[in-house]
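# Tertiary structure, described
Here is how the chains run, residue by residue.
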Protein chains: 2
Amino acid sequence: MRPIRLLAGLLLAAAASMTGCAGNDAGSSDALTTGKWSIALHGGAGFVPYDIGPEKTAEYERSLSNALRAGAEVLDEGGTALDAVEVVVRILEDDPLYNAGRGAVFTADGGHELDASIMDGSTHACGAVTGVRTVRHPITLARRVMERSRHVFFAADGAEHFADSAGVERVETSFFDTERRRKVLEEVLAERAQEKEGGSTVGCVALDTYGNVAAATSTGGMTAKAPGRIGDSPIIGAGTYASNRSCAVSCTGVGEQYIRNTVARDIAALVEFEQMSAEEAATLVHTRYLDPRDGGAIVVSRTGEIALVFTTRSMLRGAADSSGRFDVAIWE
Amino acid sequence: MRPIRLLAGLLLAAAASMTGCAGNDAGSSDALTTGKWSIALHGGAGFVPYDIGPEKTAEYERSLSNALRAGAEVLDEGGTALDAVEVVVRILEDDPLYNAGRGAVFTADGGHELDASIMDGSTHACGAVTGVRTVRHPITLARRVMERSRHVFFAADGAEHFADSAGVERVETSFFDTERRRKVLEEVLAERAQEKEGGSTVGCVALDTYGNVAAATSTGGMTAKAPGRIGDSPIIGAGTYASNRSCAVSCTGVGEQYIRNTVARDIAALVEFEQMSAEEAATLVHTRYLDPRDGGAIVVSRTGEIALVFTTRSMLRGAADSSGRFDVAIWE
């Protein structure tokens, strides 16, 4: 924890407000900052049992807090929303608690196929990868696709070939193995269990002090998924969307439903065209167009409003902003 | 040509109008038809030279007319929009004039990787495939994914594995070879030419007499494309979108731009939320958010309005409806 630095940010924000800089939400120059930032993250919508006990609960909360603090610090120190969402998702990818990066679920043949996407709301630049087996941080590979390729979306071998040319760290696919996920695979394959922990996809959305929003999502997909299945996480407009015209969105849940309903873009469209709040927009899409228990979404609007909406029992999540908010939660 | 049948449809439409059936645009029962239908297709936005001569011009027009007539007949005989768009795209996939199915461009290593997607506006059901090398009709595979899989989107080997289980025709990848496309590959690889015929992606959108819209898009991608590159064609919300709340859209052009700007969904969002006409919405997205010469889109709205918008020199296209419209065109 670095409360002093966060407090300093708060004071700077107050100073900016007093000198009339606040409210400049279209600035792109480093010199023009609002002092105002917001960030939200998720570690998947799902069905974490209520009775996991205080130790496991504390483990989740500690993990979420660590990632959230890292992102908050980036923003508080004048970093960009794009840097903040990448930093947060990299931390969650390295944490075996989540189904992204290390800790990713197993495919039916005992491997891993990772998906990720990232989007810069100030330019609509974006990058995405699917079916990646040997890249430690798929979110960083997605960012390199965004910044160093004329393409936006790469699959499988093509994505890994690009990783080499872009200098992105490769690992053996066994790097992603965890005993916990292997046990789930065995149970699913033995039909002893439905996939219990679908979800725990990770994501992050942020507004920086320059008035720009960004979104990032990363996942290992579904346990024992059919080979080649692509879910919503790498799809711009489905699992991830960001636009300075409205908001940044990252989704988690039954991927097929989020693709059919272009959920990330639809939430942003309701904010953009219907002048809804982020909370209203995310709630409407989840209640009117999606089925109960489909999943959830996190949103940060261009004005800094944070929405954390889900229809599952749990969504691992956290939110912080320049006014001093800093909280994490698991259940409703 | 079967003008008699089309004329019969026209008379039926007039009769329906007189008996008060027209305007029932939310019907889902086979018994309730409006008698009113619309269809549009494209064979790619691009830069067909003005001086191709009368013979080549006639060849394009004949091809477009044949496909358009087949779709119009499906609708005129009371078939669904979903059937109509699949029938049209299958015909275009088999025609070597277009970069979809037979006639698909070559990848850098002399193969073919095909993408396609389809969406039913009445349910938002959709299916998509990417990186397919041996499926004769990718659009039909996309439809099988929609109807017979719990997933929405399959890549490469996974998509072909699914094709076998769904009984979709496979061919040797050499089936897609054409001398014309091989020559373009050689020129591109020898850096003697920019990709001259990027585009000629194909697509179709339709409104049926039950008030339902559907969209379909199919492509071979870019000549000598980087391995694993995914464009907008298989992405719901980018290259393809359909919703009875607004319209059906199929796009063609610089895929990356259509992904970044979620073009198909954005056009539909402007119709849905801003009450724009299909023409206004497609024009606004192409002029305000896309770059000049990026490509084009075809739209059929829930009320039957047809829009054919492009910022390139040419867009192979056609449009027909139950009022008797039937036309095809190449240039502005």
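Please refer to the structure placed before this passage.
An account of the accompanying structure is given in this report.

Basis of the calculations
- Residues numbered from 1 in each chain as written.
- Chains lettered and ligands numbered in written order.
- Predicted model: local features only at pLDDT ≥ 70, side-chain atom pairs only at ≥ 80, totals over all residues.
- Heavy atoms only, no water.
- Salt bridge = Lys/Arg side-chain N within 4 Å of Asp/Glu carboxyl O.
- Helix = DSSP H or I, 4+ residues; strand = E, 2+ residues; numbered from the N terminus.
- Buried < 20%, exposed > 50% of the residue type's maximum accessible area, 1.4 Å probe, protein only.
- Least-squares fit on C-alpha atoms with pLDDT ≥ 70 in both.
- Contact = heavy atoms within 4.5 Å.
- Polar contact = N/O pair within 3.5 Å; in protein donor to acceptor, adjacent residues only side chain to side chain.
- Pairing = 2+ DSSP bridges.

A few words now on the pattern of salt bridges. All names here are of chain A. Counted under the stated rule, the structure contains 36 salt bridges over all chains. Ionic pairing is found between E59 and K56, a salt bridge with its closest N-O pair at 3.7 Å. Residue E59 and its partner K56 are both found in helix α2 (residues 53–76); the two are separated by three residues, about one turn of the helix. Overall, E59 belongs to the partly exposed group, its relative accessible area being 32%. Under the relative-accessibility criterion, K56 is labelled partly exposed at 27%. Measuring nitrogen to oxygen at the nearest pair gives 3.3 Å for the salt bridge that ties R136 to E169. Placement of the pair is R136 in the loop between β3 (126–132) and α4 (138–148) and E169 in the loop between α5 (156–166) and α6 (179–189), with a sequence separation of 33 residues. A relative accessible area of 40% places E169 in the partly exposed class.

A few words on the relation of the copies chain A and chain B. With an RMSD of 0.0 Å, the fit of chain A onto chain B corresponds to turning through 180 degrees and sliding 0.0 Å along the axis. The superposition of one copy onto the other is thereby described by a two-fold rotation axis. Comparing interface residues between copies, 100% of those in chain A also sit at the interface in chain B, which points to an isologous, same-surface contact.

Our next topic: the side chain of S314 of chain B. All names here are of chain B. Relative to the elements of secondary structure, S314 occurs in strand β12 (residues 314–321). One polar contact links the side chain of S314 to the main-chain amide nitrogen of V48, over a distance of 3.0 Å. Not counting chain neighbours up to four residues away, the residues in contact with S314 comprise G44, A45, G46, F47, V48, I330 and W331.

With that out of the way, let us pick up the pairing of strand β2 (residues 114–120) of chain A. Residue and element names in this part refer to chain A. The element β2 is largely enclosed, with a buried count of seven among its seven residues. Here β2 shows a buried face lined by L114, A116, I118 and D120 and a second buried face lined by D115, S117 and M119. Judged from the five bridges that link them, β2 and β3 form a sheet pairing that is antiparallel. Pairing of A116 across the sheet is with V129, part of β3.

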